[in-house]
Amino acid sequence: MLFHRRPSRLLVTSLVTFSAAALVGCGAPGASGGAPDRFVVIDAEELGRFNPLTGHGGNGESKIYESLYRVAEGQDDRIPDAVPVLAEGAPEPVDGDLGHWRVKTRKGVTFSDGTPFGPEDVVATYNAVVDPKFASPIAANFDFLRTAQVSGPDTVDFLLNGAYGDVPHRLFLAIAPSESLAAPGPADKLPLGDHPVGTGPYALTELRPDQVVLTARDGYWGTKPQVKTFVVRRTDDEKARAAQLAGSADGTRLSPALARAVAKDGYRTVVSKANDWLGVTLPSGNPVAGDAAVRLALNLGVDRGAMVRDILQGEGTPVSTLVTPLFGDAYDPAQDFTFDADRARKVLDDAGWRVGADGVRERDGRRAQFDVAYYPTETLRRDLTMATVSDAKKIGIEMKPVAVEKSTMTPQYLASTAFLLGGGGQPYTVDTQLYPKFHSRYAAKGVGSKWDNASDYVNPEVDKALEAARVERDPAKRAKLYRDFQAAYHAAPGMLALVAENHVYVLRDNGWQPGATALEPHSHGVAWGPWYSLARWTRK
């Protein structure tokens, strides 16, 4: 069946310019507080990179783009519902086939350049993310997808590589215009990154290394936002972000203790529950960190409860296997590691790691010693690293903390050096929580992103459970397979998962009424928190 294509679209670059007068106003101290329809936040992330193929708006949080579905707000005690945005209704398996799904797309939607949205844009975006020619760093998240195709007026069919029941929670990818993806090339080089064209409520009107300005669109298909201008400034250092709140900024994200310290004199904290885990990679390529007994002993010898209590200030939960109560029947609490330093020492004794004269164990002339890298500008990662180092020392393992820049994290470095890693970027199915992090497929060089299975963990029992679970149609049997995964992982862990943190934001109370927050993924920035619902904010 053939369908008419719309006229070719040119990217309208004039939308990314901004007047000199406005630039001056954006940087003026105190400007945000005096503007009733303007809000200024400080982000820690590099600004720009608005390309969906590099992960921007990967869970429907973009203000510029929209997705077929986004994560529901106000449902943070379970995996939240998928709310239709550019879709009309829920995806449906065709003739009951979980390998073939159909989505009806919304009519009457236009991109910020005035051209119409249609199913061809959905098809182009999803096919590009799995096309090796685009080298998308998030391609592994869509390894279930074989191809997408326009199957009728305002209709898209997704043809998968096999049965996959999680599709309703896997269609959060931000949708770009098909024309912007017509010429294949590395995703991080596409013009779309700095010149975004989306169907969302805001358009980019300024992009500088230190500041982004988004402006509410006149032609938006939905209700036009009451916050007309959203300014995002960048400061990597957490303490500097906290200090800047006293100037012209209205909000930022901070670690719990710092957030509570600065949330005064017109500011307050907003806590969002998150499926955002932190843990230490234990790479197989390191002769100590990759040792099975060392991995097991560390999992027994760290006090996760104390980390939640003292470092997260209670804003989080201990995590052992990356499966949590959020996943319902798939979670088996019996497979969580409990703090037992004596058992950890016995595991090491039984494996031949003997305590040396200085308290550090040795085996066959090798000291139980390895480096653990962390980002010094992130207080939470630093503190968790130091707590892990302290607990490890008590069982005879010397972990040497090494502060590194983000540019240090090459695949080669990660292959041999332990690292305080954050994860949970796609946490809305248990499959995406586990498969890329623990399946041996991602232990192979060059497969997936550098963060996938960063310990290069190989466990045939784990592979077997993960593979069977992702194609199992019966929910009860599927949950059982994930409990099997937990049992196999508990017997031979591949990393040192520590905690899942809630996200704590500081917000100026200047008359706006944000909506409820959503269960958040691993995220460093200000796209989430109270600003996830920015387009739906109202005045008190």
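An account of the accompanying structure is given in this report. Worth saying up front: this structure is predicted, and the values here are computed from it rather than measured.

Cut-offs applied
Residues numbered from 1 in each chain as written. Predicted model: local features only at pLDDT ≥ 70, side-chain atom pairs only at ≥ 80, totals over all residues. Heavy atoms only, no water. Phe/Tyr/Trp six-rings, centres within 6.5 Å; stacked < 30°, edge-to-face > 60°. Buried < 20%, exposed > 50% of the residue type's maximum accessible area, 1.4 Å probe, protein only. Lys NZ or Arg CZ within 6 Å of the ring centre and 35° of its normal. 1 Å grid on protein atoms, 1.4 Å probe; cavity = no way out; pocket = protein on both sides within 12 Å on 5 of 7 lines; lining within 4 Å. Points joined across faces, edges and corners; volume = space filled by probe spheres on them. Helix = DSSP H or I, 4+ residues; strand = E, 2+ residues; numbered from the N terminus. Nonpolar A, V, L, I, M, F, W, Y, C, P; charged D, E, K, R; others polar. Salt bridge = Lys/Arg side-chain N within 4 Å of Asp/Glu carboxyl O.

Topic: the packing of aromatic side chains
Here the structure, examined in full by the defined rule, presents 20 aromatic pairs. Centre to centre, the rings of F142 and F144 are 6.1 Å apart; their planes meet at 40°, and the pair counts as tilted. Exposure class is identical for F142 and F144. Each is buried. An aromatic cluster is present here, built from F39, Y505, W512, W531 and W537 joined pairwise through their rings. The ring centre of F142 lies 5.7 Å from the NZ or CZ of R170, which sits over that ring. The ring of Y435 carries the charged tip of R470 above its face, separated from the ring centre by 3.6 Å.

A word on the layout of surface pockets
Approximately 430 Å³ is the volume found for the second largest pocket. Every residue lining the second largest pocket is counted, 20 residues in all, and those nearest its centre are D166, F327, V430, P475 and R478. When residues in the lining of the second largest pocket are grouped by element, the largest group, 4 residues, is from helix α13 (residues 475–491). Residue composition of the lining of the second largest pocket, by class: 11 nonpolar, 4 polar and 5 charged.

Re the pattern of salt bridges
Applying the stated criterion across every chain, the model contains 31 salt bridges. Of the charged contacts in the structure, one is a salt bridge between E501 and R253, with a shortest N-O distance of 3.1 Å. Taken together, the residues E501 in strand β20 (residues 495–508) and R253 in strand β11 (residues 251–254) connect sequence positions 248 residues apart. For R260, the salt bridge identified is with E315, shortest N-O distance 2.8 Å. In this pair, R260 is assigned in helix α5 (residues 256–262) and E315 in the loop between α7 (304–311) and β13 (316–318), connecting sequence segments 55 residues apart. Its relative accessible area of 14% is what places E315 among the buried residues. Each member of the salt-bridge network shares a partner with another, and the members are E45, E378, R381 and K406.

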